[in-house]
Amino acid sequence: MKKILLTGVTGQVGRALQRHLAQFPLAGWQVVACDRQQMDLTAPEHIRTVVREVAPALIIHPAAYTAVDHAESESALAFAINATAPKVLAEEAARLKAGMIHFSTDYVYDGTKASVYVETDKVNPVSVYGASKLAGEDAIRQVGLPHLILRTSWVYGADGKNFLKTILRLAHTRESMRIVSDQHGAPTSDASIAQAVRQLLDVWEVENSDHTGVYHLVNRGETSWFGFASAIVDKYQQLATDYSWPALAVKEIAPIAAAEYPTPAKRPSNSKLSTEKLAQTFGVMLPAWQESLDQVMHRLTPGVNV
Ligand SMILES: NC(=O)c1ccc[n+]([C@@H]2O[C@H](COP(=O)([O-])OP(=O)(O)OC[C@H]3O[C@@H](n4cnc5c(N)ncnc54)[C@H](OP(=O)(O)O)[C@@H]3O)[C@@H](O)[C@H]2O)c1
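Cut-offs applied
- Residues numbered from 1 in each chain as written.
- Predicted model: local features only at pLDDT ≥ 70, side-chain atom pairs only at ≥ 80, totals over all residues.
- Heavy atoms only, no water.
- Buried < 20%, exposed > 50% of the residue type's maximum accessible area, 1.4 Å probe, protein only.
- Helix = DSSP H or I, 4+ residues; strand = E, 2+ residues; numbered from the N terminus.
- Pairing = 2+ DSSP bridges.
- Near = heavy atom within 4 Å.
- Polar contact = N/O pair within 3.5 Å; in protein donor to acceptor, adjacent residues only side chain to side chain.
- Areas by Shrake-Rupley, 256 points an atom, 1.4 Å probe, with all protein chains shown as cover.
- Core = buried A, V, L, I, M, F, W, Y, C linked by side-chain atoms within 4.5 Å.
- Contact = heavy atoms within 4.5 Å.
- UniProt positions renumbered as here; feature names shortened; annotations may be inferred.
- Axes fitted to C-alpha atoms, helices over the stretch in contact; angles between N-to-C directions.
- Parallel < 35°, antiparallel > 145°, perpendicular 65-115°, else oblique.
- Left-handed = near helix turned anticlockwise from the far one by under 90°.
- Nonpolar A, V, L, I, M, F, W, Y, C, P; charged D, E, K, R; others polar.

## A closer look at the pairing of strand β3 (residues 58–61)
Every regular strand shows the same layout, with side chains that alternate between the two sheet faces.
Next up, step 1: Residues L58 and I60 line one face of β3 and the alternating positions I59 and H61 line the opposite face, and both faces are buried.
Next up, step 2: Here 3 bridges tie strand β1 (residues 2–6) to β3, and the two strands are oriented parallel to one another. Across the sheet, residue L5 finds its bridge partner in β3, namely I59.
Next up, step 3: As judged from the 4 bridges shared by β3 and strand β4 (residues 99–105), these two strands associate in the parallel manner. Bridging from a neighbouring strand, L58 pairs with G99 of β4.

In C-alpha cells form, the structure reads like this:
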C-alpha cells in the first residue's frame, strides 16, 4: 500500500481531510495522520525522521501557524512553521520521489487589485503571516518536486476556532455587533476543501509536471465579513426552531470599515480568488459558499461545538 502522510489533523482542514479520506478511501492508499506530538514542525530533524520512517508517496500538509495577528510579534515562529517546515517536508518528499499537496492563503496578495485574483497575479503579502506562507510556497517551488499549492481563504467549519464560531458566541451574548464590510472574499468550509482535495486525488497525475503549481481552491461566490456574519446569524435563526437551539441575543449587525477595527496584522481588502484554473485543469469545482455554510450549520450543536 502506498502511504499519504497527512499533517495537522487537529486543525480544521487536517481533521476534515482525515474524516473524508476515511469515509471515501483511495484504493491502494493508506493515510498516516500526524499531530503535533507525532511531528513537531518547529524541529526540522524530527520532521526528517518521521518522513523517513513513514516513507510516504504523497505528503498532504495543511498544518500551519495560522494565528494571523500573533504572527506580527512571533515572526520567527511563524516562519519556522510556515516556511522552514514545508521546505524540509518538500526536501524529504523529493528524496522519496513523492509528491506534495500544500495549503496556502489569499493573504499572499495585497488586495489592491480591483477584480478577482488569478494565480499568475503578483503576490505582495501585507502581513507576517502572509509573508511566511509565501516563503513556504517559494521553498516548495525551489525544491522542485511534483506539487500542488492550494491557496484557500476564510476557512471555517463546525469544529475548531474560526469566524463562524466567534460570531455565534458573540451573537449569544451581545445585542449589537459591528462587523467589517470592506474586505471581500469567499468563506470556505473545511469540509468543502476536503471534498475537493479528495476529487483532486482521483485525477491528479503526480508525474505530469504540467499540473505542478499553484491553484486557488475556495468556495464559489464572494461576500464580506459583514455579509458572512449576517448569513450565519440568519441561518442559525432559520434552524433554531427545528433543532430547539437557544435564541440569540443579537438584534443588530452593523457594517463597519476595517479602519474602525484595527488589528495587529493588515488584511487585504480584496481576497477574491478565481477558481477557473482548478476547474479547467482538474474539473474540480467547489459549491457556492452559502451552500457550504448551510451544510456546516446543520452540524452545529449549541452547547457542544458552539
Ligand atoms: N484558517 C483560515 O482561515 C485559512 C485561510 C487561508 C489559508 N489557510 C491555510 O489552510 C491550511 C489549514 O488551515 P486550518 O484552518 O486547518 O488551520 P488550523 O485549524 O489553525 O490548524 C493548524 C494545524 O497546524 C498544527 N500545528 C501548528 N503548529 C504546529 C507545530 N509546531 N507542529 C505541528 N503541528 C502544528 C496545529 O496543531 P495544534 O492543534 O496542536 O495547534 C493544527 O493541527 C493552512 O495552511 C493555512 O495557512 C487557512
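Next comes the rest of the write-up.
## Here we look at the site of the ligand
Next up, step 1: Near the ligand you find 25 residues, and of these T10, V13, T66, Y129 and K133 are the closest.
Next up, step 2: Here an oxygen atom of the ligand and a backbone polar atom of G11 are 2.9 Å apart.
Next up, step 3: At 3.5 Å from a nitrogen atom of the ligand is found a side-chain nitrogen or oxygen belonging to D40.
Next up, step 4: For the ligand, whose free accessible area comes to 910 Å², the fraction covered by protein is 82%.
Next up, step 5: When residues of the shell around the ligand are traced back to their parent elements, those giving at least two are α1 (12–23), β4 and α5 (128–143).

## Let's talk about the nonpolar core
Next up, step 1: Residues I47, L164, M177, I232, V233, L293 and M297 are the most contacted members of the largest nonpolar core, which totals 60 residues.
Next up, step 2: Not counting chain neighbours up to four residues away, the residues in contact with I47 comprise M39, D40, L41, A85, V88 and L89.
Next up, step 3: Membership of the second largest hydrophobic core comes to 27 residues, among which are L26, V197, Y215 and L286.

## Description of the side chain of T223
Next up, step 1: Locating T223 in the fold gives a position in strand β11 (residues 223–224).
Next up, step 2: Classification of T223 as buried rests on a relative accessible area of 11%.
Next up, step 3: The contact partners of T223, leaving out residues within four places of it in the chain, are W154, Q183, H184, G185, P187, F228 and W289.

## Here we look at the UniProt feature "domain: RmlD-like substrate binding" (unreviewed entry) in the protein chain
Next up, step 1: Within this numbering scheme, the UniProt entry marks residues 3–300 as carrying the feature "domain: RmlD-like substrate binding" (unreviewed entry).
Next up, step 2: Taken end to end, residues 3–300 comprises 42% helix and 16% strand; its first and last C-alpha atoms sit 32 Å apart.

## Quick notes on the packing of helix α2 (residues 44–54) against helix α4 (residues 75–95)
The geometry of a pair of packed helices is captured by two quantities: the angle between their axes and the separation between those axes.
Next up, step 1: Taken N-terminus to C-terminus, the directions of α2 and α4 make an angle of 30°; their axes are 10 Å apart at the nearest point. Between α2 and α4, the angle is such that the two are roughly parallel. The element α2 and its partner α4 pack so that their crossing is right-handed. For the pair α2 and α4, the contacting residues are P44, I47, R48, V51 and R52 in the first and T84, A85, V88, L89, E91, E92 and R95 in the second.
Next up, step 2: Grouping the constituent residues of the contact of α2 with α4 by class yields 6 nonpolar, 1 polar and 5 charged.

## Focus: the sheet that holds β4
Next up, step 1: Spatially, the 6 strands line up as an open sheet ordered β2-β1-β3-β4-β5-β10, and their pairing is parallel. In the strand order of this sheet, the two ends are held by β2 (29–33) and β10 (213–216), each with one partner. Taking the axes of each pair of neighbouring strands and ignoring which way they run, one obtains an average angle of 20° across the sheet.
Next up, step 2: Of the strands in this sheet, β4, β5 (147–152) and β10 touch α5, which is tilted by about 160° from β4.

## Things to note about the environment of A55
Next up, step 1: Summarising the element assignment, A55 is placed in the loop between α2 and β3.
Next up, step 2: Judged by relative accessible area, which is 40%, A55 ranks as partly exposed.

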